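Listed below, chain by chain, are the residues.
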Amino acid sequence: NAEYGKQWYQRRVRAVSSVGKIPMFQDNSTTVEKDGITYDDFTPKLWGPIVALHLIALGTGGIKPCVSSFGGDQFQPSETGRMQRYFSMFYFSVNAGSMVATLLTPELRMLGCMGEETCYPMAFGVPAAFMLIAVVAFVAAGMWYAKVPPQGNPIVDVAKVTWSMFFGSEDPVEKFGEKKYKETRQLWRVLAVFIPLPFFWALFDQQSSRWVLQARVMNGNLTLGGENFEIKPDQMQALNPIFILALIPVFEGAVYPIMKKIGLPTSATFRIILGMTITSCSFIICGFLQVAMEGKASSYNEAHGTNFTVHDLPNQHQIHVLAQVPMIFVITCGEILTSITVLEFAYSYAPPSMKSVCQSLSLLTTAVGNLVVIIFNKVTEKETYLFFMWAVIVLLAAVLQWAICKKIQGPLDEYREKELECKNDGTELKKKESGV
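What comes next concerns the included structure. (Residues numbered from 1 in each chain as written. Predicted model: local features only at pLDDT ≥ 70, side-chain atom pairs only at ≥ 80, totals over all residues. Heavy atoms only, no water.)

1. As for the overall build of the chain
Here comes step 1: Assigned secondary structure in the chain consists of 15 helices and four strands.
Here comes step 2: Long-range pairs, those at least 24 residues apart, make up 76% of the contacts in the chain with a sequence separation of at least 6.
Here comes step 3: Carbon and sulfur atoms form 64% of the exposed surface of the chain, whose accessible area is close to 23400 Å². (Helix = DSSP H or I, 4+ residues; strand = E, 2+ residues; numbered from the N terminus. Contact = heavy atoms within 4.5 Å. Areas by Shrake-Rupley, 256 points an atom, 1.4 Å probe, with all protein chains shown as cover.)

2. Comments concerning helix H3 (residues 47-72)
Here comes step 1: Relative to the 38 Å expected for 26 residues at 1.5 Å per residue, H3 spans 38 Å between its end C-alpha atoms, a close match to the ideal helical length.
Here comes step 2: Of all the bends in H3, the greatest, near 25°, is centred on Cys 66. (Expected span 1.5 Å × (residues − 1). Bend = angle between axes of the 7 residues up to and from the residue.)

3. Regarding the packing of helix H9 (residues 197-204) against helix H13 (residues 325-348)
Here comes step 1: At their nearest, the axes of H9 and H13 sit 12 Å apart, and the two run at 145° to each other. The element H9 and its partner H13 pack so that their crossing is left-handed. Contacts between H9 and H13 involve Leu 197, Phe 200, Trp 201, Leu 203 and Phe 204 on the former and, on the latter, Ile 331, Gly 334, Glu 335, Thr 338, Ser 339 and Val 342. (Axes fitted to C-alpha atoms, helices over the stretch in contact; angles between N-to-C directions. Left-handed = near helix turned anticlockwise from the far one by under 90°.)

4. Observations regarding the packing of aromatic side chains
The way to describe two aromatic rings as a pair is by their centre distance and the angle between their planes.
Here comes step 1: In this structure the tally under the stated criterion is 19 aromatic pairs.
Here comes step 2: Considering the side-chain rings of Phe 200 and Trp 201, the 4.9 Å spacing of their centres and the 70° angle between planes classify their relative orientation as edge-to-face.
Here comes step 3: Classification of Phe 200 by relative accessible area gives buried; the value is 0%.
Here comes step 4: Residue classification places Trp 201 among the buried positions, given a relative accessible area of 13%.
Here comes step 5: Taking 5.8 Å as the distance between ring centres and 20° as the angle between the ring planes, the aromatic pair formed by Phe 200 and Phe 204 counts as stacked. Residue Phe 200 and its partner Phe 204 are both found in helix H9; the two are separated by four residues, about one turn of the helix. For the pair shown, Phe 200 and Phe 204 are each scored as buried.
Here comes step 6: Each residue in the set Tyr 86, Phe 87, Phe 90 and Tyr 347 is aromatic and connected to the rest through ring pairs, giving one cluster.
Here comes step 7: Lying over the aromatic face of Tyr 256, Arg 271 brings its terminal NZ or CZ to 5.3 Å of the ring centre. (Phe/Tyr/Trp six-rings, centres within 6.5 Å; stacked < 30°, edge-to-face > 60°. Buried < 20%, exposed > 50% of the residue type's maximum accessible area, 1.4 Å probe, protein only. Lys NZ or Arg CZ within 6 Å of the ring centre and 35° of its normal.)

Below is the structure:
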């Protein structure tokens, strides 16, 4: 990316990610011979998933930080409103793909093929084909993209300037120049905003673990039109991308304009803080739901002289799983305010040569958040305490975010305004030189 540019780099890593899916379905197409007779052997082999996951991880790690920043490169410096809408549309498309995959892949898996009741080759092969189509489309449209020339690898320069700032005997401005010095300081300001984000992701990602575990002991039976259905615990998580697709246009078309109209800030940092606060409220709702479930178990025990826990209570006496809908709705609102805005912030405020670097580091906060979960969940095994504990932790992280942003918001905006002025001056100069 640093040497050849975002477009060249994305072509290669998209191809790597596509190839990574091939071992998953190739791995199921072997044969074995026994007693002179050849049999098809569909037993999964370990090498397929290992090779595939490494290739997919390598490809995804290259695509995710570059694709969002490459999209941001298509806008003029003055088009901040359009850029904000782009990041919302980008997040919309990601969740649309996720929802289609969630619905389509299980159906493909259950079609049956090669004499088996299931068809994993098709379940993995169709997404691989879609990815190859995406690569071809991306390459074919290359002539229409605005391409920012590669500016070299900034990591080494950042390390040198940072060392000189704190431990060097020489003035870093004189040694490395004012441009590199200011870019390095801006990078560290952006990273300071990232400090509380692992706590947001630590809470957010538990909707696919702790919330599913909670749903397992809830009543999933549903009757519609005289037909009985069972809502599976993990199916509740499908509501998140559905809410995302429904709410992104609402936030862009109504929520943000109303916030401006009533005088509320709509800056990226304020939206992140607001999103983290709302996300913590989803776990407060979850905690009260858990209290209600435990209360229902206690009431049942008193009435029947039993000693059931929440996990042992007969399913028909449990609270219905649809009671999780409000907290899924609330956490989705927090996700839109925080996750989309972090993408926008990481691009808009990053120094010109470090757009993809900042996107990479913002994605790294998710991984750190997953490690934080492992540490903090050892505090207690009681679900109610854990839900309220995480709500308080993320609320404190939002306060920390406010304190950080209050201190560095001025320098962040000042650097960005000067960068926009320089870009606008350069754009006007190019227009004059071309006679436009």
